[in-house]
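Single-letter residue listing:
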Amino acid sequence: MFNRERTRRHMTDGAFASPFPVEDPVALAALEVAQSGLAAAVRALADATVRTRVAAPDLAAVAEQVETLTARLLAEAQEGPLGLETDSAGRLRDHGNAMVGMRNPIAPPLVVTGDESGSTSCALTLGAGYEGPPGYVHGGIVAAVLDQVLGSVPAHLGLPGMTAYLNTTYRRPTPLGAPLHCRGWVERVDGWKVHARGEIRDAQDLVTAEAEALFVVPRWAREHLDRPTGDAAGTAPGGEAAQEPSAS
Ligand SMILES: CCCCCCCC/C=C\CCCCCCCC(=O)SCCNC(=O)CCNC(=O)[C@H](O)C(C)(C)COP(=O)(O)OP(=O)(O)OC[C@H]1O[C@@H](n2cnc3c(N)ncnc32)[C@H](O)[C@@H]1OP(=O)(O)O
């Protein structure tokens, strides 16, 4: 089982210690600052792209510049997704995660905190790029936020599972550009299955959406969770990603 002591007070994607030592934590920390800085800048670019009213010639010029920058980044890039990597603090991180990924400009990014009781919490504000109905958050994004915040409930219990189902009820539209708060908690643990519930509330403390979900530790992952934290998660040496269930 994962070492519960070590799962405390960490962001969702840093809930587990990595079995792989970091060669040069100082250099890696500097790289992380640059990576998250780039993601933040591109996130701001995406938001500006949605909202800009500049004229067509300017848009074309900016597009050309962005294409140049894209080519520069692709000069050295990995083929596929990031999977799990070891960070400078020796934690396992999913830097590419669509909701919490530090390197992912598509991620808001959510910062999910939790404790050993399995309760999780996340304050967030979603901008124009997450729009569904005019002025409100897209329903799929609402579900993704709930999936992530409820999904970190089992992770904080040492039972990181995949979503078997997520039943979302939309009570009222979720506003864009205003502070929101999402919470998750345990309803019931049944062996490798964790039933969780959660909700999103708006700035007026009204529930905009709620969900009940089942997270299941996949059969292929269970043998890893029977061992101490250091052996968990099936990452390959050197912090390479473990992306395929068949990898374990
Ligand atoms: C694990 C190591 C990694 C460690 C490192 C973690 C670091 C990150 C930490 C924290 C992150 C937390 C944040 C995550 C948030 C986002 C989560 C997502 O978006 S996940 C993507 C969407 N979900 C899928 O793609 C699942 C696709 N489905 C499957 O893969 C399988 O169906 C799975 C895993 C759900 C179950 O498959 P089976 O082969 O392992 O096991 P079977 O025998 O089918 O089911 C086991 C038990 O669960 C019940 N079950 C399964 N599905 C059910 C369902 N839909 N409804 C009711 N029961 C269900 C079954 O009836 C069975 O119950 P009985 O043991 O007999 O009591």
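Keep in mind that this is a model prediction, so the values were computed, not measured.

About the thresholds
Residues numbered from 1 in each chain as written. Predicted model: local features only at pLDDT ≥ 70, side-chain atom pairs only at ≥ 80, totals over all residues. Heavy atoms only, no water. Helix = DSSP H or I, 4+ residues; strand = E, 2+ residues; numbered from the N terminus. Buried < 20%, exposed > 50% of the residue type's maximum accessible area, 1.4 Å probe, protein only. Areas by Shrake-Rupley, 256 points an atom, 1.4 Å probe, with all protein chains shown as cover. Pairing = 2+ DSSP bridges. Salt bridge = Lys/Arg side-chain N within 4 Å of Asp/Glu carboxyl O. Expected span 1.5 Å × (residues − 1). UniProt positions renumbered as here; feature names shortened; annotations may be inferred. Core = buried A, V, L, I, M, F, W, Y, C linked by side-chain atoms within 4.5 Å. Contact = heavy atoms within 4.5 Å.

## What to know about the overall build of the protein chain
Then comes step 1: For the protein chain, the count of helices and strands is four helices and eight strands.
Then comes step 2: Listing every helix and strand of the protein chain by position from the N terminus yields α-α-β-β-β-β-α-β-β-β-β-α.
Then comes step 3: Per-residue burial over the protein chain gives 35% buried out of 248 residues.
Then comes step 4: Entry remark: accessible area of the protein chain is about 13400 Å², with carbon and sulfur atoms responsible for 56%.

## Topic: the sheet that holds strand β3 (residues 113-114)
Then comes step 1: Pairing is antiparallel across the open sheet formed by six strands, whose spatial order is β3-β4-β6-β7-β8-β5. Sheet topology places β3 and β5 (162-170) at the edges, where each strand pairs with a single neighbour.
Then comes step 2: Inspection of the sheet shows strand β7 (residues 193-201) paired to strand β8 (residues 207-216) by nine bridges, in the antiparallel sense. What sits directly across from E199, in β8, is E210.

## Some thoughts on the environment of D205
Then comes step 1: One can find D205 in the loop between β7 and β8.
Then comes step 2: Looking at D205, the relative accessible area reads 51%, which means it is exposed.
Then comes step 3: Residues D205 and H181, spaced 24 residues apart in sequence, show a C-alpha to C-alpha distance of 8.5 Å.

## Looking at the pattern of salt bridges
Then comes step 1: Following the criterion strictly, the structure yields eight salt bridges and no others.
Then comes step 2: Among the salt bridges present, the one from E199 reaches R201, with a minimum N-O distance of 2.7 Å.
Then comes step 3: By relative accessible area, which is 27% here, R201 ends up partly exposed.
Then comes step 4: It is possible to trace a salt-bridge network through shared partners that takes in R183, E199, R201 and D205.

## Digging into helix α3 (residues 139-156)
Then comes step 1: Counted at 1.5 Å a residue, the expected span for α3 with its 18 residues is 26 Å, and the 26 Å between its end C-alpha atoms agrees.
Then comes step 2: The element α3 is largely enclosed, with a buried count of 13 among its 18 residues.
Then comes step 3: Looking one or two residues beyond α3, the residue adopting positive phi is G158, at roughly 80°.

## Description of the UniProt feature "domain: Thioesterase" (unreviewed entry) in the protein chain
Then comes step 1: Per the UniProt entry, the sites bearing "domain: Thioesterase" (unreviewed entry) are residues 135-207 in this numbering.
Then comes step 2: Between the C-alpha atoms that bound residues 135-207 the distance is 17 Å, and the span itself is 25% helix and 41% strand.

## Concerning the nonpolar core
Then comes step 1: Counting residues in each nonpolar core, the largest one holds 30 residues, and the members touching the most others are L110, L124, V145 and L146.
Then comes step 2: Within the residue set of this core, elements represented by two or more residues are β4 (120-124), α3, β6 (180-190), β7, β8 and α4 (219-225).
Then comes step 3: Not counting residues up to four positions away in its chain, the partners in contact with L124 are L110, V145, A178, P179, L180, H181 and C182.

## Considering the environment of A178
Then comes step 1: Mapped onto the fold, A178 is located in the loop between β5 and β6.
Then comes step 2: For the pair A178 and A221, spaced 43 residues apart in sequence, the C-alpha to C-alpha distance is 39 Å.
Then comes step 3: Leave out the neighbours within four places in its chain, and A178 touches L124 and T125.

## Some remarks on the side chain of H195
Then comes step 1: Considering the arrangement of structural elements, one finds H195 in strand β7.
Then comes step 2: Apart from the residues lying within four places of it in its own chain, the contact partners of H195 are Y165, W185, V186, E187, R188, A213 and L214.

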